[in-house]
4 protein chains.
Amino acid sequence: MPPSPTTKPVFSEEIKVAGHIIDSLLLPKILDQIISLGGEFRLHDVQIGHSRKDPSYARLTVSAGTAEKLEEILKAVQQHGGEPVQPDDCLLEAADMDGAFPEGFYCSTNEDTEIRIAGTWIPVQLQEMDCGVVFDPATKSARCVPMSEVTVGELVVMGRQGTRVRPVERDRTRHDAFGFMNSTVSSEKPKHVTVREIAAAMKEARDGHGRILVVGGPAVVHTGSRDLFSWLIKEGYVNVLFAGNALATHDIEQSFYGTSLGISMSHGGTTEEGHEHHLRSINRIRRLGSIKAAVDEGVLTSGIMYECVRQDIPFVLAGSIRDDGPLPDVITDAIEAQKMMRERAQGVTFCLMIATTLHSIAVGNLLPARVKVVCVDINPATVTKLADRGTFQTVGVVTDAEPFLRILVDELRAEEKGSGK
Amino acid sequence: MPPSPTTKPVFSEEIKVAGHIIDSLLLPKILDQIISLGGEFRLHDVQIGHSRKDPSYARLTVSAGTAEKLEEILKAVQQHGGEPVQPDDCLLEAADMDGAFPEGFYCSTNEDTEIRIAGTWIPVQLQEMDCGVVFDPATKSARCVPMSEVTVGELVVMGRQGTRVRPVERDRTRHDAFGFMNSTVSSEKPKHVTVREIAAAMKEARDGHGRILVVGGPAVVHTGSRDLFSWLIKEGYVNVLFAGNALATHDIEQSFYGTSLGISMSHGGTTEEGHEHHLRSINRIRRLGSIKAAVDEGVLTSGIMYECVRQDIPFVLAGSIRDDGPLPDVITDAIEAQKMMRERAQGVTFCLMIATTLHSIAVGNLLPARVKVVCVDINPATVTKLADRGTFQTVGVVTDAEPFLRILVDELRAEEKGSGK
Amino acid sequence: MPPSPTTKPVFSEEIKVAGHIIDSLLLPKILDQIISLGGEFRLHDVQIGHSRKDPSYARLTVSAGTAEKLEEILKAVQQHGGEPVQPDDCLLEAADMDGAFPEGFYCSTNEDTEIRIAGTWIPVQLQEMDCGVVFDPATKSARCVPMSEVTVGELVVMGRQGTRVRPVERDRTRHDAFGFMNSTVSSEKPKHVTVREIAAAMKEARDGHGRILVVGGPAVVHTGSRDLFSWLIKEGYVNVLFAGNALATHDIEQSFYGTSLGISMSHGGTTEEGHEHHLRSINRIRRLGSIKAAVDEGVLTSGIMYECVRQDIPFVLAGSIRDDGPLPDVITDAIEAQKMMRERAQGVTFCLMIATTLHSIAVGNLLPARVKVVCVDINPATVTKLADRGTFQTVGVVTDAEPFLRILVDELRAEEKGSGK
Amino acid sequence: MPPSPTTKPVFSEEIKVAGHIIDSLLLPKILDQIISLGGEFRLHDVQIGHSRKDPSYARLTVSAGTAEKLEEILKAVQQHGGEPVQPDDCLLEAADMDGAFPEGFYCSTNEDTEIRIAGTWIPVQLQEMDCGVVFDPATKSARCVPMSEVTVGELVVMGRQGTRVRPVERDRTRHDAFGFMNSTVSSEKPKHVTVREIAAAMKEARDGHGRILVVGGPAVVHTGSRDLFSWLIKEGYVNVLFAGNALATHDIEQSFYGTSLGISMSHGGTTEEGHEHHLRSINRIRRLGSIKAAVDEGVLTSGIMYECVRQDIPFVLAGSIRDDGPLPDVITDAIEAQKMMRERAQGVTFCLMIATTLHSIAVGNLLPARVKVVCVDINPATVTKLADRGTFQTVGVVTDAEPFLRILVDELRAEEKGSGK
């Protein structure tokens, strides 16, 4: 396309995109981005696969009126897999201080990424959004590094050049929840089917094909689901647990007093002095030194934390400013807690988030886009927030924690009996 | 108490209050009302029952600076059972036109009420809030009458004089949901106990000690609870059903197409043309003339409406301006629908409202305060609105319709097996 | 593409699509639909406009394994403007009864539609979703007809054949709210800009380039926005008002008693007897016969309804089963109310819906997709529901009614002063 | 009352209660508690003040079947000001370890409390809920101590004996929001009046009669209210600010890029690369060392944090696990952050919480009940949670942050002009 004399788009670059670019809507999104950012495009070559399984391919020239505009467009389309036909190596700059990147650093997404070094594409490890990427010349490897952890002298990737993204392609052959990313099962839609699919995914993971992370809020205990949740741990459906002081405290309170925040778990009424129970529970554990000590000494004999200790399931309890106590196991420093969660989240393939906004968003930030995420909350806003903040692969289920867990456990039991229902 | 010379409250009346005035908080509420409305009181006699079962009694003089203020206070305390020690007969005035009361008419509440005629207290029948009260000299009876139904010449009670209210006393001996009126089981509290209590109340009613009204919204079908709900009807747990065009339409759509608003009830996905299913379903029933005709002709063979027809359960489908069609059984006139609901609600002792704001509030308006009301909705605002608009006896349960019904049915089945759980 | 011997898609049809098919995402959506419904496609010809303003064009063959599947796909893609290259005339069948269509009737959407009669495309009038289409041979015209209004002998369009849709193309050149359909301004996003755009659209309409419909719920009065809303009417920003008994009643209650549902509009506290005010207000209007009579007789002297009467703004008050009274102006029959709203909505170009779920959805159902709709509600679910039920063009603004109206009025005042802000 | 032989309540204690026990509902609540906890009472002496201003007095014997039951009842009624007629001194026990109390420690509420030492009532300082109380014999003073801060050897108050509570009495003479504790101004009620009262309270505090703490969430920036909030700081309406990394980051992002989380604050649309802005903003501040350094070096020249630095307003930025970066000023350790907030909250008389659940609850936990708290959130659940967790004095305002601040600023400006509006 010859640029018109009046609105001269003189800066241009040729890009290509491959894969399921039609049914994953990658190509249309790229074209759409170019236009809405004020650029133009010329399609040179579109090879569309005849059937759903055949990958497609497109090559096009993007042009814009200024170099900055072109750069902005290229950055945008990169998120959908558009990459330069003739790429350059990435640019590196040594960090000039600890705990902060040089200005202009490449800012990571949660999609699998590669950087080009000496003509070779190197996959970035520990993929995580909102990090920088550091290249280690000794091992010829690259990894995502959070801002607070970069150290002087590390080689930081700068700008977009020489980077490319491999977006997760949604599998349109599957008609289940996971086939449609960022879908939300609203409070007005049938959830039974979705729960069955979650059960199947968890079963598959437990049977050796994955690793399950569960992130839970205190409502898991308040709503009376503690025993259901404990069953999941006992039966091997939880490989690692992330929670806060509240979930663990109310779980332990229920063991010690039969209440949760002072509400009786057997008759649902308030108990006098009940509001003190959580505090006395924390105090007792603090006197013993740790949750594990309380289990070992026979003081704590049931519940979620008890099962974690017994089954040797690693857990991270992250602190927050609204915590009482807290329990001695709580990591009160937010950056330390993130570091521990990051470490424990390695290898996770499936993440179930129940009834917690803060922890869901925090954990969502740490997970690569390829991890399946299911977020269960009675408040639709929690699910929306999670997706808004970049964890777009989330399948949201707007429902109540207790019945969700009840039906999930029923499904898993049915599967175990081989009925498969 | 000698009125101070500066703020002379010269208008006064002696009132009494009896019953469980301490633990039902009636006396304190009365004192509180007097003071916050700017009046004063002098307690003459307080006899407080020694144990919870013994009724108490209090006699006091209320005074205020103006006659209007005094009247306002007396009206307020009357709602809590405060009545004049030496009452007058009520005042009557003949309606001067159809469909409207004389100005100054007595405005009813949903608490049981009596009016005083020739020295005798007569109970008001068809108790309902926001009506007038009409006295029939022929039968010496009184009844609540909605504004639109009063006819010229009927004797309408005017003002507060000669009226008294018998407020429902909450039973503090019971630690269950119904012992505490206007309680709400929030999304953060254990619901299993409450569902068990609801099941017990429904069992009791079914076994001959009551009459159950269920009010349902279309989410009962959308969430995949149709079969659970049908089971309730089949097993005798529903004596009368109030709903709208949407619930019936989506129920029938599921019978005809296996979808609800086009969403598949088996795999949860959308189906192409699915959005047309509800319209085609309505059209088909319209062609046959009625839901009953569709059942009789073997066209409609499953679901909620089918079970209602088969079990001969009366239903009222009330129209709304967002209805498509509507189904031929829908009463499109709001006043006619109210009249029919009013009639069918007679004798109801227990009302379960599921997933509908409009119908819940409409039905709540028609029920006397003595009817137990349980309102189940995933949105806490629905429960709050119901109580705000006067149906204060509502026990609200903030949860999802499908799992609520699933657990309710499980409980009822367990009770039937005699396990009683 | 030669169909493979195993999964034989032998049924096929050639379709075309024209317009801004890339940046309006029409083509990608069509391809996506074909694949997700299990069909296949072969692109013959894609002419993509070089700049945003140039229309594009595509021609492709759609194939599927069964005739039913092909029909389903063609129906789906038709909603995005895909139409047969060699179309047939539409099929007509005479209605065999009043109030119901023949089975298999064409079911309308809210997008502008045409039907093909004797080789000529005829635009369908009174476009509205969920209706049938009736052709009048005398006038050679077609129009949407609701199910309840079809009469014996009218010629009803059957199936998809010979119909085509002209989807509204979103204007990607505009960066404002209306350029992006079905966008929602969440509670977490800046709203000032959106309010300014709404003000501009209303200003434009008032100045002779449109017709403004406002749909309001009672919260407009409860939240204390009555005077702001009255100002809009007085200044010509409302051409027609749709509401229910509640809005009008509370507006009139505020005029008569200074309260809304018994809450004082000046000090925000409850007033004793206040709960009776709305009932006494209705009764008084009923005694006078109509709202207009109350204005004419000097009884009603301020507020929303008063301004409507004074400015001769047509209003439709639609009844619901939760109405008290109702006011004599309320149309209690839902079908009659729909008919009146349909009539009054003719020519509307801009619709502002404030704080009402029921009326918003009802009115959304009646409006063609080309009408700009802004839905303001503090509850995000209302906006979501509206879009879910087909009024996809809605711009949702999640905010509080009173401050929204305050800022809107400020903007309009500023525009009037020519400051334009 | 002679205890009946069958249900022998043999354990009893005489208590008294004084103050506005009728209109503050203290006496009724006490009687109610006794009965609902299964105890009995005998009223010996009730002296009821004749007018609202005169305090009342009651003396009664409480009895129960077991010593434990009696203790439970006495504990409950103590919260409403019921105290033993002949009290004992409180019991003290030396802490046997750091960071945990002896089991059986007295658990504080947020109401002003006194402990009895050698016959003298000593007020407890640093009143805060969910702490222990430590007595210092050297200074004869007592103070609340969080569990994590108690050290070996400190004298900890044990049990309820020798403690008494002075509940805040609500002032029924005031008809404003603060006269009615734990009231919530719902989304359906007029808010203008409430905002005016908040403005008046803030004006009063600024003019030397109080100290204002503002707790803000990032939505203050997202919704476009940054300049309004900055104005409050500049004009002296904020004495101390509590927030998190997000509010400060998005405020600084708006200064640097004109966006908030990538959303343009001028046109409301998304900007490409915008999601990186917050990260680049944090990185830049980290490179400079602190927010103050950024202001001093002329890098940060507008906004909330800028005004805090310029006006020398102390702020606490508390960390959370969902933080990116964080900014160098953020206190990442939750316990350290609590300690700092506790210190900075001393002397606060008025607390305005806007659009943050986590920080609102955390700060609510630290404040004594006598501090006026206003919580503004578009989500009613936030307000409810705050009250549920013990900050019962909260006045909740369900509305949108931006218009709330706009109207608040308008009111304050009007007050300043002496118009008082």
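Look above for the structure.
Residues numbered from 1 in each chain as written. Chains lettered and ligands numbered in written order. Predicted model: local features only at pLDDT ≥ 70, side-chain atom pairs only at ≥ 80, totals over all residues. Heavy atoms only, no water.

Student: Hey, could you run me through the overall build of chain A in this one?
Tutor: Secondary structure summary: chain A contains 13 helices and 20 strands in total. Look at the contacts in chain A between residues 6 or more apart in sequence, and 67% of them connect residues 24 or more apart. A total accessible area of about 14,900 Å² is found for chain A, and carbon and sulfur atoms account for 49% of it. (Helix = DSSP H or I, 4+ residues; strand = E, 2+ residues; numbered from the N terminus. Contact = heavy atoms within 4.5 Å. Areas by Shrake-Rupley, 256 points an atom, 1.4 Å probe, with all protein chains shown as cover.)

Student: Help me understand the pairing of strand β8 (residues 132-136) of chain B, please; the structure alone is not making it clear to me.
Tutor: Regular strands have side chains that alternate between both faces of the sheet. Residue and element names in this part refer to chain B. Summarising burial for β8: 4 of the 5 residues are buried, a large majority. Direction of pairing for β8 relative to strand β9 (residues 141-145): antiparallel, over a ladder of 5 bridges. Note on β9: the bridge partner recorded for Val 134 is Arg 143. Here 2 bridges tie β8 to strand β10 (residues 155-158), and the two strands are oriented antiparallel to one another. Within β10, the position partnered with Phe 135 by the bridge is Leu 155. (Buried < 20%, exposed > 50% of the residue type's maximum accessible area, 1.4 Å probe, protein only. Pairing = 2+ DSSP bridges.)

Student: It is not clear to me how the packing of aromatic side chains should be interpreted in this structure. Could you clarify?
Tutor: Two numbers describe a pair of aromatic rings. These are the distance of the centres and the angle of the planes. Applying the stated rule across the entire model yields 8 aromatic pairs over all chains. A ring pair is formed by Trp 231 of chain B and Tyr 237 of chain B, whose centres lie 5.9 Å apart and whose planes are at 20 degrees; its orientation type is stacked. Here Trp 231 of chain B and Tyr 237 of chain B have matching classes, each one buried. Here Arg 280 of chain C stacks its cationic end above the ring of Phe 105 of chain B, 4.7 Å away from the centre of that ring. It is Arg 284 of chain C that lies over the ring of Phe 256 of chain C; its NZ or CZ is 4.6 Å from the centre. (Phe/Tyr/Trp six-rings, centres within 6.5 Å; stacked < 30°, edge-to-face > 60°. Lys NZ or Arg CZ within 6 Å of the ring centre and 35° of its normal.)

Student: In this structure, what is going on with the interface of chain A and chain D? I would like to understand it.
Tutor: The figure often quoted for interface size is the accessible area lost as the parts come together. Listed per partner, the contact involves 56 residues of chain A and 56 residues of chain D. Both sides together, the interface formed by chain A and chain D hides about 5,200 Å², and carbon and sulfur atoms give 53% of it. Applying the counting rule to chain A against chain D returns 6 salt bridges. With a closest N to O distance of 2.5 Å, Arg 287 of chain D and Asp 96 of chain A form a salt bridge. (Buried area = accessible area lost by both parts, 1.4 Å probe. Salt bridge = Lys/Arg side-chain N within 4 Å of Asp/Glu carboxyl O.)

Student: What am I meant to see in the sheet that holds strand β11 (residues 163-166) of chain B here?
Tutor: Across a sheet, strands are paired by hydrogen bonds formed along the backbone, either parallel or antiparallel in direction. Residue and element names in this part refer to chain B. With mixed pairing, the 7 strands of this open sheet are ordered in space as β5-β10-β8-β9-β7-β6-β11. In this open sheet, the two edge strands, each paired with only one partner strand, are β5 (91-94) and β11. Strand after strand, the sheet turns through a mean of 40 degrees between neighbouring axes, direction not considered. (Axes fitted to C-alpha atoms, helices over the stretch in contact; angles between N-to-C directions.)

Student: I keep staring at the side chain of Gln 127 of chain D and nothing clicks. Help me out?
Tutor: Residues and elements named next belong to chain D. On the secondary structure map, Gln 127 appears in the loop between β7 (120-125) and β8 (132-136). The exposure class of Gln 127 is buried, given its relative accessible area of 4%. Not counting residues within four places of it along the chain, the set of residues in contact with Gln 127 comprises Ser 108, Thr 109, Asn 110, Glu 111, Asp 112, Thr 113, Cys 144, Leu 366, Pro 368 and Arg 370.

Student: Explanation requested: helix α2 (residues 67-78) of chain C in the structure shown.
Tutor: Side chains three or four residues apart in an α-helix point the same way, a direct result of the helix having 3.6 residues per turn. Compared with the 16 Å implied by 1.5 Å per residue over 12 residues, the 16 Å span of α2 of chain C between its first and last C-alpha is a close match. Along α2 of chain C, the residues that are buried comprise Leu 70, Glu 72, Ile 73, Leu 74, Lys 75, Ala 76, Val 77 and Gln 78 of chain C. Those residues of α2 of chain C that are buried are in contact with α7 (274-288) of chain B together with β1 (11-19), α1 (26-36), β3 (56-64) and β11 (163-166) of chain C. (Expected span 1.5 Å × (residues − 1).)

Student: When you look at the interface of chain C and chain B in this model, what are you seeing that I'm missing?
Tutor: The partner chain B presents 56 residues to the 56 residues of chain C that form the contact. Approximately 5,300 Å² of surface area, both sides summed, lies buried where chain C meets chain B, with 53% of it carried by carbon and sulfur atoms. Inspection of the region where chain C meets chain B yields 6 salt bridges. Measuring nitrogen to oxygen at the nearest pair gives 2.9 Å for the salt bridge that ties Arg 284 of chain B to Glu 103 of chain C. Counting across the interface, chain C meets chain B through 20 residue pairs in polar contact (both at pLDDT 80 or more). Listed by contribution, the elements that provide at least two residues to the side of chain C that touches chain B are α2, α7 (274-288), α10 (334-344) and α11 (357-366) of chain C. For the side of chain C that touches chain B, the element with the highest residue contribution is α7 of chain C, accounting for 10 residues. The residue makeup of the side of chain C that touches chain B, split by class, is 23 nonpolar, 16 polar and 17 charged. (Polar contact = N/O pair within 3.5 Å; in protein donor to acceptor, adjacent residues only side chain to side chain. Nonpolar A, V, L, I, M, F, W, Y, C, P; charged D, E, K, R; others polar.)

Student: Quick question: what am I supposed to make of the environment of Arg 322 of chain C here?
Tutor: Mapped onto the elements of the fold, Arg 322 of chain C is located in the loop between β17 (315-318) and α10. It is 9.2 Å that separates the C-alpha atoms of Arg 322 of chain C and Asn 245 of chain C, two residues lying 77 residues apart in sequence.

Student: Looking at this model, I keep getting lost on the relation of the copies chain C and chain B. Mind explaining?
Tutor: What relates the pair of chain copies is a rotation about an axis plus a shift along that axis. Between the two copies, chain C and chain B, the superposition gives an RMSD of 0.1 Å; the rotation angle is 180 degrees and the shift along the axis is 0.0 Å. What the superposition gives is, in effect, a two-fold axis relating one chain to the other. The position closest to the rotation axis in chain C is occupied by the C-alpha of Asp 333 of chain C, lying 2.0 Å away. A shared binding surface is used by both copies, with 100% of the interface residues of chain C retained as interface residues in chain B. (Least-squares fit on C-alpha atoms with pLDDT ≥ 70 in both.)

Student: Sorry, what's going on with the sheet that holds strand β6 (residues 112-117) of chain A here?
Tutor: Residue and element names in this part refer to chain A. What the 7 strands build is an open sheet, ordered β5-β10-β8-β9-β7-β6-β11; its pairing is mixed. The open sheet has two edge strands with one neighbour each: β5 (91-94) and β11 (163-166). Looking at each pair of strands side by side, their axes are set apart by 40 degrees on average, direction ignored. Two elements, strand β7 (residues 120-125) and strand β9 (residues 141-145), share 2 bridges in a ladder whose sense is parallel. Considered in β9, the bridge of Gln 125 is made with Arg 143.

Student: Would you take a moment to explain the side chain of Gln 338 of chain C for this structure?
Tutor: With respect to the helices, strands and loops of the structure, Gln 338 of chain C is situated in helix α10. Not counting chain neighbours up to four residues away, the residues in contact with Gln 338 of chain C comprise Ser 320, Ile 321, Arg 322 and Asp 323 of chain B together with Leu 366 of chain C.

Student: I keep staring at the packing of α11 of chain C against helix α12 (residues 380-388) of chain C and nothing clicks. Help me out?
Tutor: Each packed pair of helices is defined by two parameters, the angle between the axes and the distance between the axes. All names here are of chain C. Put simply, α11 and α12 touch, their axes get as near as 10 Å, and they point 20 degrees apart. As far as their axial angle goes, α12 and α11 are roughly parallel. The interaxial crossing formed by α11 with α12 has right-handed handedness. Touching Thr 357, Ser 360 and Ile 361 of α11 are Thr 382, Lys 385 and Leu 386, all from α12. Taken together, the residues of the contact of α11 with α12 sort by class into 2 nonpolar, 3 polar and 1 charged. (Parallel < 35°, antiparallel > 145°, perpendicular 65-115°, else oblique. Left-handed = near helix turned anticlockwise from the far one by under 90°.)

Student: Can you help me understand α10 of chain C in this one?
Tutor: Residue and element names in this part refer to chain C. Buried within α10 we find Ala 334, Ile 335, Ala 337, Gln 338, Met 341 and Arg 342. Summarising the axial view, the buried residues of α10 lie within an arc of 155 degrees, below the 170-degree limit, and thus occupy one face. The inward-facing, buried residues of α10 contact β14 (240-244), β17 and α11. (Arc of directions from axis to C-beta.)

All we've got here are geometric facts, nothing functional implied.
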